[in-house]
Every structure is written in structure tokens, then in C-alpha cells.
4 protein chains.
Amino acid sequence: MNDKKLKIINAAKKSFSHFGYKATTMDQIAKIAQVGKGTIYTYFSSKEEMLKAIIDLFVVEMRDVAESAIPRRQPFIKSFNEVLHTITKFQSEHELMIKLSQEVKEIGTPEVIAAMKSVEDEICEFIEVKIETAIERGELRKCDPKITSFLMFKMYVNLVNDWKERHEPLDKDQIAELINTYFIEGIGMKNEDY
Amino acid sequence: MNDKKLKIINAAKKSFSHFGYKATTMDQIAKIAQVGKGTIYTYFSSKEEMLKAIIDLFVVEMRDVAESAIPRRQPFIKSFNEVLHTITKFQSEHELMIKLSQEVKEIGTPEVIAAMKSVEDEICEFIEVKIETAIERGELRKCDPKITSFLMFKMYVNLVNDWKERHEPLDKDQIAELINTYFIEGIGMKNEDY
Amino acid sequence: MNDKKLKIINAAKKSFSHFGYKATTMDQIAKIAQVGKGTIYTYFSSKEEMLKAIIDLFVVEMRDVAESAIPRRQPFIKSFNEVLHTITKFQSEHELMIKLSQEVKEIGTPEVIAAMKSVEDEICEFIEVKIETAIERGELRKCDPKITSFLMFKMYVNLVNDWKERHEPLDKDQIAELINTYFIEGIGMKNEDY
Amino acid sequence: MNDKKLKIINAAKKSFSHFGYKATTMDQIAKIAQVGKGTIYTYFSSKEEMLKAIIDLFVVEMRDVAESAIPRRQPFIKSFNEVLHTITKFQSEHELMIKLSQEVKEIGTPEVIAAMKSVEDEICEFIEVKIETAIERGELRKCDPKITSFLMFKMYVNLVNDWKERHEPLDKDQIAELINTYFIEGIGMKNEDY
DNA sequence: CATGAATGAGGTTTCATTCAT
DNA sequence: AATGAATGAAACCTCATTCAT
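Just so we're clear, the structure is a prediction, and the values are computed from it rather than from any experiment.

(A) Examining the relation of the copies chain A and chain B more closely. Least-squares fitting of chain A to chain B yields an RMSD of 0.7 Å, with the transformation described by 0.1 Å of translation along the axis and a rotation of 179°. Taken together, the rotation and translation relating the two chain copies correspond to the operation of a two-fold axis. Residue A:G186 of chain A places its C-alpha closer to the rotation axis than any other residue of that unit, at 1.6 Å. Taken as a fraction of all interface residues of chain A, those also at the interface in chain B reach 96%, which identifies the copy contact as same-surface.

(B) Structural detail: the protein's contact with DNA strand E. For DNA strand E, the set of nearby residues contains 30 residues, the closest of which are B:G36, B:T39, B:Y43, C:T39 and D:K47. Protein-adjacent atoms of DNA strand E, using a 4 Å cutoff, are sugar or phosphate at a proportion of 66%. C:G38 has a polar backbone atom sitting 2.9 Å from a base nitrogen of DNA strand E. Contacts to DNA strand E include D:K37, whose side-chain N or O atom sits 3.2 Å from a base oxygen. Contributing elements (two or more residues each) for the surface near DNA strand E: α3 (37-43) of chain A, α3 (37-43) of chain B, α3 (37-43) of chain C together with α3 (37-43) of chain D.

(C) Broad picture of the environment of B:M26. Residue and element names in this part refer to chain B. Position of M26 relative to the elements: it lies in helix α2 (residues 26-33). Classification of M26 as buried rests on a relative accessible area of 11%. M26 sits ten residues away from G36 along the chain, and the two C-alpha atoms are 9.7 Å apart. The residues touching M26, leaving out its near neighbours within four places in the chain, are K37, I40, Y41, K47 and M50.

(D) Quick look at the pattern of salt bridges. Per the counting criterion, the structure on display carries 20 salt bridges over all chains. Here B:K146 makes a salt bridge to B:E128, at a shortest N to O gap of 3.2 Å. Of the two residues, B:K146 is situated in helix α8 (residues 145-162) and B:E128 in helix α7 (residues 110-136); the sequence distance between them amounts to 18 residues. Under the relative-accessibility criterion, B:K146 is labelled partly exposed at 36%. Exposure remark for B:E128: the relative accessible area of 13% places this residue in the buried category. Linking D:E49 and D:K52 is a salt bridge whose minimum nitrogen-to-oxygen distance equals 3.8 Å. Placement of both D:E49 and D:K52 in helix α4 (residues 47-68) is noted, with a separation of three residues, approximately one turn of the helix.

(E) Region of interest: the interface of chain A and chain B. In this complex, chain A contributes 50 residues to the contact, which on the side of chain B involves 48 residues. Our enumeration of links across chain A and chain B arrives at two salt bridges. Applying the counting rule to chain A against chain B returns four residue pairs in polar contact (both at pLDDT 80 or more). Secondary-structure elements contributing two or more residues to the side of chain A that touches chain B are α1 (3-19), α6 (91-107), α7 (110-136), α8 (145-162) and α9 (172-185) of chain A. Considering each element in turn, the side of chain A that touches chain B owes the most residues, eleven residues, to α8(A). Here the side of chain A that touches chain B is built from residues that sort into 20 nonpolar, ten polar and 20 charged.

(F) The protein's contact with DNA strand F, seen in detail. The full set close to DNA strand F counts 30 residues, and A:T39, B:K37, D:G36, D:T39 and D:Y43 are the nearest of them. With respect to DNA strand F, the side chain of A:K37 contributes an N or O atom lying 3.5 Å from a base nitrogen. Elements supplying a minimum of two residues to the surface near DNA strand F: α3 of chain A, α3 of chain B, α3 of chain C together with α3 of chain D. Split into classes, the residues belonging to the surface near DNA strand F amount to eight nonpolar, 14 polar and eight charged.

The rules behind each value
Residues numbered from 1 in each chain as written. Chains lettered and ligands numbered in written order. Predicted model: local features only at pLDDT ≥ 70, side-chain atom pairs only at ≥ 80, totals over all residues. Heavy atoms only, no water. Least-squares fit on C-alpha atoms with pLDDT ≥ 70 in both. Contact = heavy atoms within 4.5 Å. Near = heavy atom within 4 Å. Polar contact = N/O pair within 3.5 Å; in protein donor to acceptor, adjacent residues only side chain to side chain. Helix = DSSP H or I, 4+ residues; strand = E, 2+ residues; numbered from the N terminus. Buried < 20%, exposed > 50% of the residue type's maximum accessible area, 1.4 Å probe, protein only. Salt bridge = Lys/Arg side-chain N within 4 Å of Asp/Glu carboxyl O. Nonpolar A, V, L, I, M, F, W, Y, C, P; charged D, E, K, R; others polar.

None of the figures reported here should be taken as evidence of function without further support.
Given below as C-alpha cells:
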């Protein structure tokens, strides 16, 4: 990856992040990247191609991390936390992707939408497999692995991104603790509580 | 509320919903509403004013429903479901508001953003009070009511909106059942399970 | 002339006077005239027709006054002053016509331009005839009557309208005196001055 | 000053001159200047800014010329002619400025109007000083220098611009001769004429 | 007749993309 | 390869005119 191309991609991410896709102009990106506007077209044939490139890059990075973070034979909760902690590194990129996925649904071609969705699907499927294994091992009660993984992932995203828009941000350990509290234990009264 | 004005608002909602704010053109709205482009400007002085009007309308409707749906002395889970079931009526509008809140952050004035956030806050606060009461009554285990209400609301939204983008949509009862399963009971193994 | 029609004409004159032809909207005219916008079209088929009607009306009024003011056998200067004094009554209308003649040149059809010009031409021709007679009678030195009448009329307009935009307005007698001073006597040194 | 920018300014002048400010479209200007419509916005942020730029440019040019044309110790009439002859270079621009000043009153900001007026004031004041000197030297009879300079300037403008709208245009010498005839000598009968 | 909501042609402005340097 | 001036399609908005009431 060329140095100029990288500067452009980072500038685009920053501006998409701040203003969104449609509201970001090529002029802004060029100014932030400190290159001429025309230079962008040396590396990307259009604004949309640039968006796709950013998304694809994110998917690839995501996959690498997810794979490298695959934990071995461990209780479910522990490996789940490890994966999510790793994902935390991508917190801000994640945020951007969520924003773009909202916006791109409106603009983008079906391929882009599919690419966007694949990011979340990737993670969800990884969690899904973990949950299935955990159920088989008797670490978790019976439940629909698809829905469960989907909801777990969403709760993670909610805690990392949406919560901090309203209140003090939560740190990694707090988030892991909360997911465990609500999801695994439940807050309903248990027999043992009496 | 005038008939033409209503047609325009609905057309705008539909188009914003599908394409987003920036990607929706006045021509599109006019075509969907089956009115002339100029007619829109009879009722709204600009595209942004139309957006604000739609948001304000939503805030008002939301408040009415929330207030009218206040259930009386009932076990927490039941009244919680009632409120959410009522909210379900606004499912699609809700979706639109979430989308716009993402996009409007970039365009809108702070007042609009505040108004947007107030919708979710309204609901979260309502749930929060319910949870506090439930904890006092011993219906729920001790937990942070703020975080809990936030996560419950988010899970509801995730199940209603995000899930159906990937899989078969879930009906009201399924959603209530799932929230109960994951949140209240938890999926971790309990002593009693053995 | 109908009452409503008169109200509309006066409203149009007022607004044209203040904002000019192009910058005056039919809405403004309707609001000032306190009639519905559609009512204007009961009396005038278009904005341009309304302009023409106002101009024509002015031409007619102008002619009436000019004719009624025709002075009989008198020294030129005296009858000239009489005519101009009469014209002074139309000062504000005059002002409007000058403004419109500037603007309409750009917008209007040739017919309108012709109509506009006819106002000034009317007056100039009247003065022209007076000057010719005065020359024949030996009241004035030989000079081109066309240019002279044109310049006299212009000087009158300049003194009535343009001067007051910069300084204190001049009254009728001052204006008559000035035209006499500059035009008839001249300010160059004469033999007799020595 | 850039070549393209100059072409645009000249095209705008031509079109403003012919059709006026409001009736001139950006498309027309672009077509006359043989540039794309967007190119105009590379040099001027809006139509109104373009108008202001043209006016400012005119004010500057006017001042330069007025200053450079200051004639030395000469009989009044001669130096007056020199100044006016110099101004003749700006004949068409002048015409445009007068037209715009009429129209801009409705549109423009007070600063623009002030700038516009300053052009004429500049010239009038210059003439005023000349007249005062001439009176002191006994070259002219006693008269109000302010009114006299104003009327002389106006007569010049009338002869250069307004006359040619109705009849054959007059050349420099004819104009100088006419101003002299009417203003300095007067057309009233003098004793010596008998 | 009187009205003003409805209309759409036409205006100003934005911005992704091209291309000569 | 790098640039940014130039471009025009397409966006938002205005307003003279029409027409159902």
C-alpha cells in the first residue's frame, strides 16, 4: 500500500466519520490528505470505489484479527471475552462502519451493502460457533445460537458505541462484566437468591 | 393536518427511510406524494425544515403513546411488554428516526439532535423507573437501572429492526419471549439445571 | 375603473417603486392591495400586461395634463416653466417610470419599451415645439430644438429626482430658476459682465 | 487578473448591461464567456459577489483615471473637456454602473450602493473644484459650484448615454461643443445678439 | 367574481469527475 | 504521477400562472 493512497484512505475515513459519506466532498478529503483532488482519482476510480475499498480493507483486517484471536479449548465466556477485547481495537473503525452501513444502504449498490453486512456476519458467525460448542459442552443452556450470537454482538456494540453518546464511556472490563451479568446470569430472581 | 401536507410528510418519511436524508431529492418526494415539487414548499420552507417537522411530529406522537401506555401495578415483565408492544406501532418510524439521527448529526442543528435523542431517552427513562420499582419490590436482582434500561431498549430495537434485515422478522410474542429469556433468566447454567 | 382594479394598480406602483419590476412578486402586490393573488388575474392577464397598463395609464394622464397645461401666446420661458411645474405633480410617478424604463429595457418586449419611451418623447416633443416657436419669435438663439428639448427635460428630471438622492431636495421655484440660469443665460462671462 | 476570470467579468458586464442584473442568468454569462457554468463559481462565490467585484473594480479604475487625468493650469473649459474626454473611455462601463445602481438599490447591500454613488461623487467633486477655481479666476460667473458640477456631469452622461438610445450618437467634439453652448453661453438672447 | 393552494419551468448553486499541464 | 481549474448534471428553491372551490 502506497503512502499517498494510505493518506487518502485515512483522510476519507476521518471525513466520512465526521460528516458521513454523502456530506463528504472530494475537496475535503483532498485537503485533509494534503494531496491534490485529482490525485485521489489516480488511486480510486470514483468516490464509491473509494468507499468500497475502505470497507473491503476493514473486512480483511477484521478477518485477520478474528482468526488470529481464535482461542483454544477454554470455557466459552473466557474466549468470548478475548474475541471481543480484540475487536475493541477496532472500536472507532467499527463506529465508522456502522455509520456508513446506515448511510450506504441508501446510496450504495447491493454489492456494497453485502460487503458491509459481511463484517457483522463474520463476527456473529464466529460467536455462533463458540455458542454452539458451549451448548454442546453444557456450558450454556439450550438456546438459538443464531439469535444469541446476534444479540450478544449487538449488546457489545451498544455498550461500546451508543452508551458513550449519552453517558461516561465504559472500559473493557466493565463491558465484559455487563455482558456476563445480563446475558449469562440474567437479572431475574433465581431460586438460589432466596 | 392538511391532506396534501400529510401525503408529503408520508412521502418524505418513506423516501428518507429508503434513501436517507441527503440522498432523497425533492423531486422524489414530490413524485411519491403525487404533488408538484413546488407544493412541498407551500408547507415547508426548506428541506431541512421538513426534516425538523417530521422529527418534531415523531417526538410528540412518541410522548403521547408513552404516556397513554403507562400501565398500572403489575409485575415488571408484564408492564414492560405492554409498553414495548405499544412502541411496536412505531416500529417503522422508529427505524427512520434512528437512521436520521445517524445522518442528521452531520447536517442538523444541535436542537434537532437533542430532539432526536430525547425520543430514546424518553423510553429509556420510562423503563428505568419500572426497573427501579421492580428491584424495590424484589422482582429483579440488584443492577444499575440506567444501564439495564438502556440495554433492554436497545435489545428490543435490535430484535425489531436489525434482525429482520438478515433473517425472518420476529413477531411481538417472540420478541417478548426472547427478551425474557436472555435478560431476565440468562443463558448461563444455573444450579437448578443440573 | 373598478375599485379593486385601482387598488391593485396602486399596490403594484408602490411595490415596483420600492423593489423594482422583477423583484416585485405577485404575492406582494396581492398583499398590499389586500386582494387574493388570483384576483389580479381577473383584471390583468399577466404581470407584464399589468406593467403595460400602468405605463399606458401614465401616458394618458401625462397627455391630459400636458394638453390642459398648454399655455397661450407667452414668452417661451414662462410657458416652459408652467408645463414643468405641472409635470411636477407627477414627480413620484415619474420617478417610478424612470426606474421602470431602466429595468424594462432589459425585460420587456419591444412594445413595452416603446410605450415607456413614448412618455419622455411626448414631453420632449412638446418642449421641442415650444422651442421652435421661441426661436422663430426671436426669443431664443438658434440651436437644435431636438437636442435642446431633450437636455432641458433631462435637466429637469435630474434636478427633481437625482439631486435629492444626494442633497436637500429643491423646490419648484428653485428648479425653474436653475434651469433658467444655466440654460438660458449660461454661466460663461458675457461682455456686459465687464 | 486571470484570463478566464476576465472573460467572465466581461461577459457579466455585457449581459448586465444588456439585460440588467436580475434578468441576467448564470447560463447566459457562461455562454457569453464561453466557459462552463460551474467555472463562474470558481472565481465568484455567488451572483451577488460577482456584482460587487465588478463594481469594486469600476470604482478603482475610475479613481485611477480621475487622478491621472488631473490637468494643469488651463482655462476651465479646456481642462473640463479633458477630464470628460478621459471619462469617455469608460462610457459603456458608466452606462452599466448607472443601470446597476438603479437596480441594485433593490437588491444590494447599503455598502454596494454607497460604493456606486461614490463613483459619481468622485467625478462631481473633481468638477466642483475646477468650477470654484474658474469662478475665482473670473472665468465663470458666480454660481453654486455643487449644483453646477452635478448638472454638468449629468448633462455629459445624458448626451453620451441617453441620447444615443433615441437618435444618432454624438461624438466627443459634438458633446464638448454642446455643453459649452448650453451651459457656458446659454441660449437666451444676449444684448450683443441684437 | 374572488380566492389561494397547486404547479413546474427556470433560476442559483454544489460537487464528482475530467484533463491539460 | 500529481495537480487543480474547468465542467455540467443534478440538486434546492422561487414565483408567475392556473383552476377548483
